[in-house]
Amino acid sequence: TNGMARAFLNSLIVSVPATILPLLFAAFAGYAFSWFDFPGRQWMFVVLVGLQIVPLQMTLIPIFRIYADLGLTGSFLGVWLFHTGFGLPYAIYLTRNFMSALPRDLFESAYLDGASHWTAFWRLAVPLSVPALASLGIFQFLWVWNDLLVALVFLGSGNPVLTWQINNLVGRFTGQHLLSAAAFVSMVLPMVVFFSMQRFFVRGLMAGAVKG
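Thresholds applied
- Residues numbered from 1 in each chain as written.
- Predicted model: local features only at pLDDT ≥ 70, side-chain atom pairs only at ≥ 80, totals over all residues.
- Heavy atoms only, no water.
- Helix = DSSP H or I, 4+ residues; strand = E, 2+ residues; numbered from the N terminus.
- Buried < 20%, exposed > 50% of the residue type's maximum accessible area, 1.4 Å probe, protein only.
- 1 Å grid on protein atoms, 1.4 Å probe; cavity = no way out; pocket = protein on both sides within 12 Å on 5 of 7 lines; lining within 4 Å.
- Points joined across faces, edges and corners; volume = space filled by probe spheres on them.
- Nonpolar A, V, L, I, M, F, W, Y, C, P; charged D, E, K, R; others polar.
- Contact = heavy atoms within 4.5 Å.
- Polar contact = N/O pair within 3.5 Å; in protein donor to acceptor, adjacent residues only side chain to side chain.
- Axes fitted to C-alpha atoms, helices over the stretch in contact; angles between N-to-C directions.
- Parallel < 35°, antiparallel > 145°, perpendicular 65-115°, else oblique.
- Left-handed = near helix turned anticlockwise from the far one by under 90°.

## Things to note about the overall build of the protein chain
Each helix and strand in the protein chain was counted, giving 10 helices and zero strands. From first element to last, N terminus to C terminus, the protein chain shows the α and β order α-α-α-α-α-α-α-α-α-α. Within the protein chain, buried positions represent 42% of all 212 residues.

## What to know about empty space enclosed by the protein
All chains considered together, the criterion is met by one cavity of 30 Å³ or more. Residue lining of the largest cavity: Ser 11, Val 14, Ser 15, Val 79, His 83, Val 144, Trp 145, Asp 147, Val 150, Ala 151 and Val 161, and that is the complete set. Of all the secondary structure elements, the ones that give two or more residues to the lining of the largest cavity are α1 (4-35), α4 (76-100), α7 (130-145) and α8 (149-154). Considering every element that reaches the lining of the largest cavity, the biggest residue donor is α1, with three residues. Class assignment of the residues belonging to the lining of the largest cavity gives a composition of seven nonpolar, three polar and one charged.

## Some points on the environment of Leu 136
Of note, Leu 136 is situated in helix α7. Owing to a relative accessible area of 4%, Leu 136 belongs among the buried residues under this scheme. Once the C-alpha coordinates of Leu 136 and Ile 92 are considered, the two residues, 44 residues apart in sequence, prove to be 9.8 Å apart. In this structure, Leu 136 is in contact with Leu 23, Tyr 90, Ala 91, Leu 94 and Thr 95, ignoring residues within four places of it in sequence.

## Topic: the layout of surface pockets
Here the largest pocket is characterised by a volume of approximately 400 Å³. Among the elements of the structure, α1, α4, α7 and α8 are those that each provide at least two residues to the lining of the largest pocket. Class assignment for the residues of the lining of the largest pocket results in 14 nonpolar, six polar and one charged. Approximately 150 Å³ is the volume found for the second largest pocket. Along its surface, the second largest pocket is lined by Val 16, Thr 19, Ile 20, Leu 23, Leu 133, Ala 134, Gly 137, Phe 141, Val 193 and Met 197. Broken down by secondary-structure element, the contributors of at least two residues to the lining of the second largest pocket are α1, α7 and α10 (176-210).

## Here we look at the side chain of Asn 97
Assignment of secondary structure puts Asn 97 in helix α4. A polar side-chain atom of Asn 97 sits 3.1 Å from a polar atom in the side chain of Arg 96.

## Description of the packing of α1 against helix α6 (residues 117-128)
It is the contact of α1 with α6, at a shortest axis distance of 11 Å, that shows an interaxial angle of 115 degrees. In this view, α1 runs roughly perpendicular relative to α6, as classed from their interaxial angle. As for the relative orientation of α1 and α6, their crossing is right-handed in sense. Across the interface between the two elements, Leu 24, Ala 27, Phe 28, Tyr 31 and Trp 35 from α1 touch His 117, Trp 118, Ala 120, Phe 121, Trp 122 and Ala 125 from α6. Of the residues that constitute the contact of α1 with α6, the class distribution is 10 nonpolar, one polar and no charged.

As structure tokens, then:
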């Protein structure tokens with residue numbers, strides 16, 4: 001199989017945690033920005049929005065040096081942290097916009113009934129924010145699954161992912177049937193993820209685009 005099974009498993013190991021972690025942190029942060037009143041809230045949100053313009057490529061070398069000092073090069077943890085860090089600014093932006101547009105009376109009633117923020121978060125905010133979280137999950141998963149640059153820099157050939165393996169096949173083989181089969185394998189799971197959550201996709205995108 002020319003390492004495709006191992007590469008497929010490595011892509012799963014990278015993509016699943018690198019999708020769940022930013023979704024979890026963004027949900028907590030979105031709730032805090034929407035329902036907590038703390039000093040500097042608006043300025044912190046502006047800074048987070050501004051971080052979306054930072055090019056990924058300009059941070060590779062500094063972070064690689066930090067990872068080398070910490071012993072994280074070649075580890076899945078390093079890739080998870082990198083994808084989480086770069087996925088968070090947009091994820092927080094979208095979840096904050098969505099959660100701040102949820103019915104305020106609903107949350108105030110819950111607080112009056114004695115619900116804590118923890119309860120309101122898990123029982124109200126998260127279920128009502130499924131469209132936004134599903135949209136983010138689709139974007140983050142597709143971005144991580146199709147990534148080659150970050151996996152090449154921080155994992156290399158020690159833990160090859162599908163994109164690295166397919167790129168390697170291009171250099172080693174000329175048979176179109178093999179490359180086509182490899183490309184099909186890499187497309188199956190993203191298509192399953194997209195079509196299983198597509199009903200939330202437009203609703204989540206519209207909420208993040210027009211509310212704030």
